[in-house]
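Observations on the three-dimensional arrangement
The lines below spell out each chain.
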Amino acid sequence: MGMELQNERVVFSGVVYEDDIVTLRDYLQAKAPESVLFDMSMSDDIHLGILQMILSYVKMYDGEFLYPSEIKPFQKVCEGFETNENFCA
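In this report, the structure presented in the accompanying data block is examined.

Here the focus is the overall build of the protein chain. Along its length, the protein chain carries three helices and four strands. Taken from the N to the C terminus, the helices and strands of the protein chain come in the order β-β-α-β-α-β-α. Counting over 89 residues, the protein chain shows a buried share of 34%. In the protein chain, of all internal contacts separated by at least 6 residues, the share reaching a separation of at least 24 is 65%. For the protein chain, the exposed area adds up to about 5,500 Å²; of that, 50% sits on carbon and sulfur atoms.

Quick look at the structure:
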């Protein structure tokens, strides 16, 4: 499994597939509204559905990211997400 859930930390490693979406959703629902650290430093790739879940959580509550030393596509996605924009009408 490419995801380990800890107290206030989610650790991703290797390749993280969409199979972990429901588990991550349940964990984040239980954690809300606490800040969560998303440790991606040991990950090679993360499914877009997982990233959407993480970015939704960070938008509504709070979170921080730890990235690998080599820039990966998922890091660019997270860094390009503007958490202070609100286009909901």
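Attention now moves to helix α3 (residues 73-80). Along α3, the positions that sit buried rather than exposed are Phe-74, Gln-75 and Cys-78. When α3 is viewed along its axis, its buried side chains cluster within an angular range of 100° and face the same direction. Opposite the buried face of α3, at more than 90 degrees from it, the exposed residues are Pro-73, Lys-76 and Gly-80. For α3, the elements touching its buried residues are β3 (35-46), α2 (48-60) and β4 (62-66).

Pairing geometry for strand β1 (residues 3-5) and strand β2 (residues 9-16), over three bridges, is antiparallel. Across the sheet, Met-3 pairs through a bridge with Phe-12, a residue of β2. Here β1 hands over to β2 after three residues, the two strands then running antiparallel side by side. Across seven bridges, the pairing between β2 and β3 is parallel. Considered in β3, the bridge of Val-16 is made with Ile-46.

It is worth spelling out the sheet that holds β1 at this point. The four strands are arranged β1-β2-β3-β4 in an open sheet whose pairing can be described as mixed. Each having just a single partner strand, β1 and β4 make up the two edges of the open sheet. Going from strand to strand, the sheet's axes swing by 20° on average, the running direction of each strand aside. In the packing of helix α1 (residues 21-31) onto the sheet, contacts are made with β1, β2 and β3, and the angle to β1 comes to roughly 25°. The sheet contacts of α2 involve β2, β3 and β4, and relative to β3 the element is tilted by about 160°.

What follows covers unusual backbone geometry. Residue Pro-33 is reached from Ala-32 by a cis peptide bond, and omega for that bond is 5°. Assignment of secondary structure puts Pro-33 in the loop between α1 and β3.

Reading the values: the criteria
Within any chain, residue numbers begin from 1 and follow the written order of that chain's sequence. Per-residue local features of the predicted model are confined to residues with pLDDT of at least 70, and side-chain atom pairs are confined, for both listing and counting, to 80 or more; whole-chain, interface and lining totals are unaffected and use all residues. Note that water and hydrogens are dropped before the side-chain values are worked out from all heavy atoms of the structure. The helix count covers DSSP runs of H or I at least four residues long, the strand count covers runs of E at least two residues long, and both are numbered beginning at the N terminus. Categorising residues by exposure relies on relative accessible area from a 1.4 Å probe, with only protein chains included: less than 20% of the type maximum marks a residue as buried, more than 50% marks it as exposed, and the intermediate range marks it as partly exposed. The contact criterion used is simple: two residues touch if any of their non-hydrogen atoms lie within 4.5 Å. All accessible areas in this document rest on Shrake-Rupley with a 1.4 Å probe, and a residue is counted as covered only by the protein chains that are shown. Directions pointing from the helix axis toward each C-beta atom define the arc. Two strands are said to pair when DSSP picks up at least two bridges between them. Axes, fitted as lines to C-alpha atoms, cover a helix only where it is in contact. Angles between the N-to-C directions of the axes lie from 0 to 180 degrees.

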